[in-house]
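# Examination of the molecular architecture
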Amino acid sequence: MAADLAHLSPLLIVCCVGLGILLLDVFADPKQPKTFIGYVAVVGLLVALAATGWLFATGGVLLTQPYFAVALTLDPFALFGFALILVVAILTTLASVHYLPSQRCEWGEYYSLVVFASLGMMVMVAAADLITMFVGLEIMSVAIYVLAGFKRQSPFAIEAAMKYFFLGAFATGFLLYGLAFVYGATGSTNLNVVAEHFAKNDPGLYGIVIVIMMIVAFGFKIAAVPFHMWTPDVYEGSPSPIAGLMAGGVKTAAFLALARVFLTAFGGADFENLAISWREVFYWLAILTMTVGNILAVVQQNVKRMLAYSSISHAGYILIGIVASRSVDGGAVAGSGLFFYLLAYALSSVGAFAVVSMLGKDGEEDITYGNLAGFAYRHGFAALCMVIFMASLAGIPPTAGFLGKYLVFTDALAATHMNLLPLVLVAVVNSMIGVYYYLKVIVFMYMREPRREFETIRSVPMGIAFGLAALVVVVCGSFPDTTIRWSAKAATGNPSADSAISAASVIDVPAPVATTAK
Amino acid sequence: MLDSQIEYIPVLIMLAICSAAIGGMLTLNFLLGPKRKNAIKNAPFESGEKQIHSPKRRFSVKFYLVGIFFIVFDIEAVFLFPWATLYRQWLRDPAFAWVAFGEMFLFLGILSLGLVYVWRRGALEWD
């Protein structure tokens, strides 16, 4: 029990930090600026990150108490996700502390919402049960809905929050419906029990319905085409650091949860032979997502919208990693490229949005390429970091983005269960299209004369945020050994998947009783 | 079909009967009920009571806040009932009893923190 609580410390610390700063805000002097709450949040998240690092170093832990083990799995897969989410949350918070006052929306709740959103994401990636995953998803989503509309005096922010809320609720409906079908087919929502059931029984029609529902639900969350319509509007209207959190954190969490659900619960051979195999669907979704995202990004005039479409196209590349992955022994995820790519993508996009935050002063509805003109002459360091992020998103060495693409493509080419060569070719062509609009940002920053004096936010923590992100992106791209080792470790999945199944069968799950029969 | 699914069939039958009963009553009423429409019959209070003002007024947004708080703390009670029902069953396992006890009080504790937040934020005051 005590050992389990120690092992759950990343989640517990994040929860306590969220509650603590919520109270700190209301008990603090209301006239005081809220900056210090942001710093407290950063310190708390750093402690949680340290705890995650300790657990990751031990190679993943097994929760001994059955009531914890049925709900959560702390395998290296989950811990890798924890670390990534915490880093993204820390960078987002640092980028926000001086951004909020400049937007006249400095309320202390912002920081606790960021922390609670991270908690939800962490629960999602560590979930061993579909219900736990759903709870995590809701904790995350509700916090993000509020954060999306945080600049409540701006009509764009209201639009962003409403769109995100309605579409998010719609997607959640699909998820719940799929979940109900999973329960109906197997009598359980535990991923391992579901996997065991489908290993013995043919999923049949249930399988098709479940796969369709789940793909729609996750498609919305990862913004895969054709479920991507909300993304540009929401990213544009949200505060820029929050757009970074959505692109870097929410998407990472959704992808890891998707990988876990599909590879663990629906990873069996019978699901491959269904009339609608999820792997085939993701194959075509990946092609659509990459192509549509890239082509629409080319024609954007607004940098935030361009980054939104770029994040859509990146969802396509990450889907290749999912298609190439294969569950081994029920639960393990083969293909470490997926993890490396997620790391590279998350840090590059959160960094890029942190740089974009600099440009927002007194309303930021108009972050066009034109406003970036001459940016490099006034903000050399920020422009340099932006170059690194753009290079990483475009996949140019020596950045992490290049290596991530390389690893995902090699995973895909090495896959034996499916011929993924056409998919990789489409992805390579798309990467080349992407270079055009990423380079456009660099061209405007360095080679155009500034049109007019454009006010920017000068903030040290913001600089630390994108500086750190750029440093990690370059280091992971140039000296990738450690990160590749971590990704490989994360990809080995749960070392103790079998024990988790036995733990699930030990706990006394009350059978559904038909009370109406009385 | 699993046994657990068969147990839900009565629910489906119940649903069908309820829908048929309600739908039938509404339809029959619509088809058979006598209708003599005039101004007095169409007034909101058929008894002749005069309407004080139109209901299409704007309400203070503060009612919304009160409504939200009501739901939040009502949900708390909703969670307490199944917990209380199952608690005796959980007591049989001494290792789990404390967890079952602690978990609910942790939940109540977090909710009370929420109440503290709401109070300090001034959301409980009408003005």
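Residues numbered from 1 in each chain as written. Chains lettered and ligands numbered in written order. Predicted model: local features only at pLDDT ≥ 70, side-chain atom pairs only at ≥ 80, totals over all residues.

## Description of the overall build of chain A
- Counting secondary structure elements, chain A contains 25 helices and 2 strands.
- Here the C-alpha atoms of chain A give a radius of gyration of 22 Å, agreeing with the 24 Å that 2.2 N^0.38 yields for 518 residues.
- Principal-axis analysis of the C-alpha atoms places the extent of chain A at approximately 75 × 55 × 45 Å. (Helix = DSSP H or I, 4+ residues; strand = E, 2+ residues; numbered from the N terminus. Rg over C-alpha atoms; globule rule 2.2 N^0.38 Å.)

## Here's the deal with the overall build of chain B
- Secondary structure summary: chain B contains 4 helices and 0 strands in total.
- Against the globule reference of 14 Å for 127 residues, chain B gives a C-alpha radius of gyration of 25 Å, more extended than a compact globule.
- Seen through its C-alpha atoms, chain B measures out along the principal axes to roughly 70 × 55 × 25 Å.

## Focus: the nonpolar core
- Of all hydrophobic cores here, the largest spans 200 residues; its most connected members are Leu45, Val115 and Met386 of chain A.
- With sequence-adjacent residues up to four places away left out, leucine 45 of chain A is seen in contact with Val14, Val17, Leu86, Ala89, Ile90 and Val115 of chain A. (Core = buried A, V, L, I, M, F, W, Y, C linked by C-beta atoms within 7 Å. Buried ≥ 20, exposed ≤ 12 C-beta atoms within 10 Å, placed from the backbone. Contact = placed C-beta atoms within 7 Å.)

## Here's the deal with the packing of helix α20 (residues 380-394) of chain A against helix α22 (residues 421-447) of chain A
All names here are of chain A.
- It is at 9 Å that the axes of α20 and α22 come closest, and there the two elements cross at 170°. Between α20 and α22, the crossing angle belongs to the class labelled roughly antiparallel. The segment α20 lies against α22, with Ala383, Met386, Val387, Met390, Leu393 and Ala394 engaging Gly434, Val435, Tyr438, Val441, Ile442, Met445 and Tyr446. (Axes fitted to C-alpha atoms, helices over the stretch in contact; angles between N-to-C directions. Parallel < 35°, antiparallel > 145°, perpendicular 65-115°, else oblique.)

## Notes on the confidence of the model for chain B
Residue and element names in this part refer to chain B.
- The pLDDT averaged across chain B works out to 86; a share of 97% of its residues lies at or above 70.
- For chain B, per-element mean pLDDT is lowest for helix α1 (residues 3-6), which scores 70, and highest for helix α2 (residues 9-32), which scores 94.
- Of the two predicted TM-score estimates for the complex, the pTM is 0.88 and the ipTM is 0.81. (pLDDT = per-residue confidence, 0-100.)

## Overview of the environment of valine 424 of chain A
Residues and elements named next belong to chain A.
- Relative to the helices and strands, valine 424 resides in helix α22.
- Judged by the 19 C-beta atoms lying within 10 Å of it, valine 424 falls in the partly exposed class.
- Apart from residues no more than four positions distant in its own chain, valine 424 is found in contact with Phe409, Ala412 and Leu413.

## Remarks on helix α3 (residues 35-57) of chain A
Residues and elements named next belong to chain A.
- Taking 1.5 Å of rise per residue, 23 residues should cover 33 Å, and α3 covers 33 Å from first to last C-alpha, within 8% of that figure.
- For α3, every residue scored as buried is listed here: Ile37, Gly38, Ala41, Val42, Gly44, Leu45, Ala48, Leu49, Ala51, Thr52, Leu55 and Phe56.
- Among the structural elements, α1 (2-7), α2 (9-27), α5 (76-96) and α7 (109-126) are those in contact with the buried residues of α3.
- With its phi angle positive at about 90°, glycine 59 sits one or two positions after the end of α3. (Expected span 1.5 Å × (residues − 1).)

## Overview of unusual backbone geometry
All names here are of chain A.
- Looking along the chain, the bond that leaves valine 225 and enters proline 226 is cis, with omega of 10°.
- Locating proline 226 in the fold gives a position in the loop between α11 (204-222) and α12 (230-237).
- The linkage connecting proline 397 with the following residue, proline 398, adopts the cis geometry, with an omega of 5°.
- Note on placement: proline 398 falls in the loop between α20 and α21 (400-414).
- The backbone of arginine 104 sits at a positive phi, close to 55°, despite the residue not being glycine.
- Of note, arginine 104 is situated in the loop between α6 (99-102) and α7.
- Overall, the presence of 11 C-beta atoms within 10 Å leaves arginine 104 in the exposed class.
- Backbone geometry places alanine 223, a non-glycine residue, at a positive phi of 60°.
- For alanine 223, the position within the fold is in the loop between α11 and α12.

## Digging into the packing of helix α17 (residues 337-358) of chain A against α20 of chain A
Residues and elements named next belong to chain A.
- With their axes 9 Å apart at the nearest point, α17 and α20 run at an angle of 145° to one another. Between α17 and α20 lies a crossing of left-handed hand. Of the residues in α20, those touching α17 at Ala344, Ser348, Gly351, Ala352, Val355 and Met358 are Ala382, Cys385, Met386, Phe389, Ser392 and Leu393.
- Taken together, the residues of the contact of α17 with α20 sort by class into 9 nonpolar, 3 polar and no charged. (Left-handed = near helix turned anticlockwise from the far one by under 90°. Nonpolar A, V, L, I, M, F, W, Y, C, P; charged D, E, K, R; others polar.)

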